[in-house]
Amino acid sequence: LSRARKIELKKTANAIATFGKGITACDEGPGTVGLRFEQVGIENTEENRRLYRHMLFTVPNGPDFLSAAILDPETIFQKANNGTPFPELLTKTGIVPGCKPHLKVYTLPGTNGETVMQGLDSLNVRAKEYYDAGCRFAKWRSPLTIGSDGKISRTAIETNMHDLARYALICQDNGLMPIVEPDISLDGDYDLETAIRVNVEVQAELYKAMIDLGVYMEGCTLKPNMVNPGRDCKIKYTADEIGEATVTVLRRVMPAAMPGVNFLSGGQSLEDASARLDAINRHKGNSPWNLSFSWSQALQLPLLELCKKNPPGSPLPLEEMSALLEKELEIAGKAARGQMNAEPGQGDHKPPGAK
């Protein structure tokens, strides 16, 4: 990489790692958005998807709490109500626009249903296209599942983490700051100690692969899961214990050269995700990274619930959605600063059936 390219990548990574700000993840494809719309009685048209994304990008306090937005390829080439392309609109408000270049998952042969993401073969061409359209970073998700034996196979770990490293290298060559996303599912009954061990193993493999390939680490961002027990774990854990476990993993393996970590919500509610992010920041200590959010469902699902009170086929209640999103971003921003006053028990992992 040239010196100018490194400066550009580091500038993008540092901008996204702005203290107290996070990422709005709006990269669901038309099919995923359509399923969410269908569940609340909204017609899945391109115009409805555009109007919905426009509301997400123009929420009044967005520039106060958002450093970046991840866009689906469809959204990259759509325009705001005033005719401005969405990447340009976001850039003008100080929110860095990015893209989701990965394609679909497929099952890895020789494993018990474990998967890997497709899209590396055509990434170079698409990365250039997205950069030219105004995007300045990319995000690639590698979903992983801890098995009943408390492990992820070495095949799945090595294949996914090496692919993330190759993706990062290709993106940097095209000017896109890569966000690497090892996403370990909440599915399962594994305990917190198992989660710590497996997350360390996965992230250690990722960083070694990136360094071995020559990825410029100062120009990268991590988007991991929070270190939670499995959804069906029978042991109760507090949000504080989850926060401590998450910071423990980072301090064991994450390079100090990387400026920021933006945690995915992974099916957690806004209530749980924000309380856990707040706990993570309270345990941060002298850790060198900005620890914030990159949330989709935690922010968006409550907005879509507002549609249910209207007859099917009604227009999106955009003003109500925007007002609620403002409140949600204030909560997320406080959690990203470690300044949230969570209610007692908020964010705790409760065993199935527990009250």
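Figured I'd write up the structure that's included with this text. Since this is a predicted model, take the numbers as computed values, not measurements.

### Section: the overall build of the protein
Broken down by element type, the protein carries 13 helices and 10 strands. At 19 Å, the protein has a C-alpha radius of gyration in line with the 20 Å of a compact globule built from 355 residues. In terms of principal-axis extent, the alpha carbons of the protein reach across some 55 × 50 × 40 Å. Within the protein, buried positions represent 57% of all 355 residues. A fraction of 80% describes how many contacts in the protein between residues 6 or more apart in sequence connect residues 24 or more apart. On the protein, roughly 14,800 Å² of surface is accessible, and the fraction owed to carbon and sulfur atoms is 51%. For the protein, the separation between the mean place of its 40 positive charges and that of its 44 negative charges on side chains is 4 Å.

### Topic: the state of the cysteines
Summed over the entire model, instances satisfying the criterion amount to 0 disulfides. Cys-26 supplies the cysteine sulfur nearest to Cys-307, a cysteine that is in no disulfide, at a spacing of 15 Å. Residue Cys-307 is classed as buried on the basis of its relative accessible area, which comes to 2%.

### Re helix H10 (residues 239-253)
With 15 residues, H10 should reach 21 Å at 1.5 Å per residue; the first-to-last C-alpha distance of 22 Å fits that figure. Packing partners of the buried residues in H10 comprise helix H9 (192-213), strand E8 (221-222), strand E9 (260-263), helix H11 (270-282) and strand E10 (290-295).

### Overview of the packing of helix H8 (residues 154-173) against H9
Packing of H8 against H9 brings their axes to within 8 Å, and their N-to-C directions diverge by 40°. Relative to H9, the element H8 is oriented oblique. Our pair here, H8 against H9, has a crossing hand that is right-handed. Taken together, the residues of H9 that come into contact with H8 (itself represented by Arg-154, Ile-157, Glu-158, Met-161, His-162, Leu-164, Ala-165, Arg-166 and Leu-169) are Glu-201, Val-202, Glu-205, Leu-206, Ala-209, Met-210 and Leu-213. Among the residues forming the contact of H8 with H9, the class breakdown is 10 nonpolar, 1 polar and 5 charged.

### Let's talk about helix H3 (residues 46-57)
If you check H3, its first and last C-alpha atoms are 16 Å apart, about what 12 residues at 1.5 Å a residue would give, namely 16 Å. Residues Asn-48, Arg-49, Arg-50, Tyr-52, Arg-53, His-54, Met-55, Leu-56 and Phe-57 constitute the buried set of H3.

### Notes on the environment of Leu-120
Note that Leu-120 resides in the loop between strand E5 (115-117) and helix H7 (123-132). Excluding its chain neighbours within four sequence positions, the residues that come into contact with Leu-120 are Trp-140, Asp-163, Arg-166, Tyr-167 and Ile-170.

### Considering the packing of H10 against H11
At a minimum axis distance of 8 Å, the contact between H10 and H11 shows a crossing angle of 55°. What the angle tells us is that H10 and H11 run oblique. In the packing of H10 onto H11, the handedness of the crossing is right-handed. Within the contact between the two elements, H10 uses Ala-239, Asp-240, Ile-242, Gly-243, Thr-246 and Val-247 and H11 uses Ala-275, Arg-276, Ala-279 and Ile-280.

### Focus on the side chain of Asn-61
With respect to the helices and strands, the residue Asn-61 is situated in the loop between H3 and helix H4 (62-65). Asn-61 gets classed as buried once you look at its relative accessible area, which sits at 6%. Among the polar contacts made by the side chain of Asn-61, one reaches the main-chain carbonyl oxygen of Glu-326 at a distance of 3.0 Å.

### Side note on the nonpolar core
Counting 94 residues, the largest nonpolar core has Tyr-52, Phe-57, Ile-152, Tyr-167, Met-210, Leu-222 and Trp-295 as the members making the most contacts within it. Here the element with the most residues in this core is H9; it accounts for 10 residues. Those residues in contact with Trp-295 that lie beyond four places of it in its chain are Ile-23, Thr-24, Ala-25, Met-226, Phe-263, Leu-264, Ser-265, Leu-270, Ala-273, Ser-274, Leu-277 and Ala-332. Core analysis: the next-biggest nonpolar cluster, separate from the first, contains 12 residues, Ala-13, Ile-70, Phe-137 and Met-177 among them.

### Quick word on the packing of aromatic side chains
Counting across every chain of the model gives 4 aromatic pairs. Ring centres of Phe-57 and Phe-86 lie 5.1 Å apart, and the angle between their planes is 75°; on these two criteria the pair is classed as edge-to-face. Here Phe-86 lies in helix H6 (residues 86-92) and Phe-57 lies in helix H3, a separation of 29 residues in the sequence. Judged by relative accessible area, Phe-57 falls into the buried class, the value being 6%. Consider the rings of Trp-140 and Tyr-167, whose centres lie 5.3 Å apart with planes at 35°: the pair is tilted. Separated by 27 residues along the polypeptide, Trp-140 in strand E6 (residues 137-144) and Tyr-167 in helix H8 bring together distant segments of the chain. In this structure Trp-140 comes out as buried when scored by relative accessible area, which is 0%. Residue Tyr-167 is classed as buried on the basis of its relative accessible area, which comes to 0%. It is Arg-5 that lies over the ring of Tyr-131; its NZ or CZ is 5.9 Å from the centre.

Reading the values: the criteria
- Residues numbered from 1 in each chain as written.
- Predicted model: local features only at pLDDT ≥ 70, side-chain atom pairs only at ≥ 80, totals over all residues.
- Heavy atoms only, no water.
- Helix = DSSP H or I, 4+ residues; strand = E, 2+ residues; numbered from the N terminus.
- Rg over C-alpha atoms; globule rule 2.2 N^0.38 Å.
- Buried < 20%, exposed > 50% of the residue type's maximum accessible area, 1.4 Å probe, protein only.
- Contact = heavy atoms within 4.5 Å.
- Areas by Shrake-Rupley, 256 points an atom, 1.4 Å probe, with all protein chains shown as cover.
- Lys, Arg positive; Asp, Glu negative; His and termini not counted.
- Charge placed at Lys NZ, Arg CZ, Asp CG, Glu CD.
- Disulfide = S-S within 2.5 Å.
- Expected span 1.5 Å × (residues − 1).
- Axes fitted to C-alpha atoms, helices over the stretch in contact; angles between N-to-C directions.
- Parallel < 35°, antiparallel > 145°, perpendicular 65-115°, else oblique.
- Left-handed = near helix turned anticlockwise from the far one by under 90°.
- Nonpolar A, V, L, I, M, F, W, Y, C, P; charged D, E, K, R; others polar.
- Polar contact = N/O pair within 3.5 Å; in protein donor to acceptor, adjacent residues only side chain to side chain.
- Core = buried A, V, L, I, M, F, W, Y, C linked by side-chain atoms within 4.5 Å.
- Phe/Tyr/Trp six-rings, centres within 6.5 Å; stacked < 30°, edge-to-face > 60°.
- Lys NZ or Arg CZ within 6 Å of the ring centre and 35° of its normal.

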